[in-house]
Amino acid sequence: MKKILSGLILAAAMLFLPASVAEAGETGANDIKIGIVDSGIDYIDGVYVEKSCNFVDKYAEKSSFFADLSGHGTAVASVMVSDTGKVRGINPNARLYSAEVLEEDSTATVDRLVDGIEWLIREDVNIINISCGLHEDSEKLHAVIKKAYSRGILLIAAAGEGGEISYPAAYVEVMAVGAVGKDGSIMENSPSEPGIEVVAPGEEILTYGSFGSLNRISGTSIAAPQVSALASLLWQQDPDKPAGFIRQLIDRSAGPLKDSDAGLCGIADKQRAFAMFEDFSNTYMENDNAARSTYDERALRQMDTRRVKGFWSLFTHESMVIYNKTALKAGAVWPDNVESGIAGMDAHPQFHGLYRANYVDSCITITKFAASMRKHGKFPKADSPFKKKIVKAAQRGFRQYRLSGKDSKGLFVYGMAIHTATDVFAHSSTGVPGKNRNALKKLNVRKLVKKWSRLKHGKRDPSTGGFFAATNMADDNNCVAKRFRDAAKKVCFWIIKKAVIRKKAATMDMFSYVKVYKRISEIKKYGDSRGDMNKKKQYLINGFGVIKLNVYLKSAKNPKVKTVADNLSNSNIERVIKKWAKD
């Protein structure tokens, strides 16, 4: 009984840091980079992604607001680093690099998984977390694992589900993580053979999901990221330590399991690991047998189309509302899928918030079709080319996701509308480009004014088909973060609250929830005594404009909507900042 209670206490401790560990977590903050090979990570509060790369070919253009196709990657990331709300991550200071390889069904080819790992190797990450795998060995997968291992990267993978450990967790170079349940014993669907190196809580772990909702996830897939986050916390204490030191420290400090599981492995324990850190530094001897097995570059050029899958199961949280249904998220990512027939902002601006089309009217129209489907089970008359595109794209989506019933189909179309609305702040925004906002503070107002322009995607990477991350300012959450945090997110939740839940069409009021950084007219009036130049600089660095928003909302009766349109109108901002350049 005592050992069962011990397991429960240790499992609970995985998500809550005692004061001493929390203080240690600040040591070397932001020094450790964790690479996540998963389904992507949605833009949500408290989960910061330093860099991402999409390897799912059919999504060459993918909104960062809906980067995660299945919800799997967002759940994994939230357990690792979330620093706000009900989900408290283990190490909010870790720097996340997201290789987006899993599709909506949480599967990917081995080829794509390898491409994602290779990208993370090039990004020089310290840890790679892999919460997916397959039951068969793969020469190509093993080769890239050996390559990462030889570069000093700590590889941590979910052990899988069923009796045998899956690959890549089964490789000697990889730390295989199993899962324990609430009673402190290894879960029924978690492998329990001797190859399991350590276990972590894996039963109904609270995570964030689509649209920032709460989910409970089970499986080794959600246990592995807890060990990866713990590894990053430990490594922060001394980044010069080798990966083998961190791996062995986690192994040696693991707590006991139930009697029936004795001798197999232990449960990862933060407090014991930190308590042992100094003494273990004095006794550690590197065991590098695995490093002697070299990898074959030729194996990396082979094709392997077998599929890996994520090891997880989803339980909806009791407080979760209707808008988190799979159909809504599927609809939100669908316009970026080439199979939808409406992918590409230049070819189909009405579906991607591009200023060349009236994106406000487009969004409202799509929600009208969604409302009609949810209420009556059919679309209204498609009496224009745009409306016909809505119907055709939606019907393709219904078939793709095998949706049936008016509620699921209606939610799917609402998701398409949310995509249009949130894309406005990527494809029609202006501001000062740049990922490093602190560096911009060193520039004077005139130089910042000259940099103000439309935030563009930049050139495409021929190797992936996507945009180069270094020049993609339109989709980069670090470039004027308020576009996403205080604008796109606000509009998204207005549509959910006022249209999706009430089964109605959206109105122009959807933009009234947008938080404006500071009224530019007020900044213009400030005198020298109020720090005029400093406030101008702050606006240029943190503020943004939306092209043609004032034109599309000129007939709005709501004064709040008019204020938002005026504050964010590109023409108004351009007029003022040109004057600033002369001051």
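Conventions we followed
The written sequence of each chain sets the order in which its residues are numbered from 1. This being a predicted model, a pLDDT of at least 70 is required before a residue's local features are given, and a value of 80 or more before pairs of side-chain atoms are given or counted; all residues contribute to the totals for chains, interfaces and linings. Remark: hydrogens and water are excluded; side-chain values derive from all non-hydrogen atoms of the structure. Within this scheme, the nonpolar core is defined by two criteria: the residues are buried Ala, Val, Leu, Ile, Met, Phe, Trp, Tyr or Cys, and they are joined through side-chain atoms within 4.5 Å. Buried means the residue's accessible area, taken with a 1.4 Å probe over protein chains only, is under 20% of the maximum for its type, while exposed means over 50%, and partly exposed covers the values in between. Labels follow the DSSP assignment, with helices taken as runs of H or I lasting at least four residues and strands as runs of E lasting at least two, numbered in each case from the N terminus. Here, residues are in contact when the closest pair of their heavy atoms is within 4.5 Å. Strand pairing requires that DSSP identify at least two bridges connecting the strands. Helix axes are fitted to C-alpha atoms over the stretch in contact, other axes to C-alpha atoms as well, and angles between N-to-C directions run from 0 to 180 degrees. The cut-offs work like this: below 35 degrees is roughly parallel, past 145 is roughly antiparallel, 65 to 115 is roughly perpendicular, and the gaps in between are oblique. Here a crossing is called left-handed whenever its near helix is offset anticlockwise from the far helix by less than a right angle, and right-handed whenever the offset is clockwise. A score from 0 to 100, pLDDT tells how confident the predictor is in each residue.

**Q** Tell me about the nonpolar core, and name the residues and values.
**A** Within soluble globular proteins, side chains that are nonpolar tend to cluster in buried spots. If you look at the biggest cluster of nonpolar residues, it comprises 75 residues, and the most contacted ones within it are Tyr 359, Met 416, Phe 425, Ile 495, Met 510, Phe 511 and Leu 549. The set of elements that each furnish at least two residues to this core consists of helix H10 (326–333), helix H11 (359–376), helix H12 (385–400), helix H13 (406–427), helix H16 (482–500), helix H19 (549–552) and helix H20 (559–568). The contacts of Ile 495, once residues within four sequence positions are left out, are Cys 363, Ala 417, Ile 418, Ala 421, Val 500 and Met 510. Listed in part, the 55 residues of the second largest apolar core include Val 79, Ala 179, Ala 231 and Phe 274.

**Q** Run through the pairing of strand S9 (residues 154–158), naming residues and quoting values.
**A** In terms of residue burial, S9 counts as a mostly covered element, since five of its five residues are buried. Residues Leu 154, Ile 156 and Ala 158 point to one face of S9 and Leu 155 and Ala 157 to the other, with burial holding for every one of them. When strand S7 (residues 127–130) meets S9, the two strands line up parallel, connected through four bridges. Bridging across to S9, Asn 129 finds its partner in Ile 156. The pairing of S9 with strand S10 (residues 174–180) spans four bridges and is classified as parallel.

**Q** So, the packing of H13 against H16: which residues are in play, and what are the values?
**A** Two elements in contact, H13 and H16, have axes whose closest approach is 9 Å; the angle formed by their N-to-C orientations is 155°. For the element pair H13 / H16, the angle class is roughly antiparallel. Where H13 crosses over H16, the handedness of that crossing is right-handed. Residues Leu 411, Tyr 414, Ala 417, Ile 418, Ala 421, Thr 422, Phe 425 and Ala 426 of H13 pack against Arg 483, Ala 487, Ala 488, Val 491, Cys 492, Ile 495, Ile 496, Ala 499 and Val 500 of H16.

**Q** Break down unusual backbone geometry for me, with residues and values.
**A** Omega for the peptide link from Tyr 167 to Pro 168 comes to 20°, which places this bond in the cis form. Positive phi is not limited to glycine here, since Ser 106 has a value of about 60°. Tracing the backbone through its elements, the reader meets Ser 106 in the loop between strand S5 (95–100) and strand S6 (107–109). Positive phi outside glycine occurs at Asp 124, with the angle close to 60°. If you trace the backbone, Asp 124 turns up in the loop between helix H4 (110–122) and S7.

**Q** Just give me the short version of the confidence of the model for the protein, but keep the residues and values in it.
**A** Counting all residues, the mean pLDDT for the protein is 86, and 89% of those residues have values of 70 or more. The least confident element of the protein is helix H1 (residues 2–13), whose mean pLDDT is 40; the most confident is S7, at 98. Throughout residues 1–19 the model reports pLDDT below 50, and contacts reaching past four residues in sequence, or to other chains, amount to 34 contacts. In this model, residues 315–324 is a region of pLDDT below 50 whose contacts with residues beyond four sequence positions or in other chains number 24 contacts.

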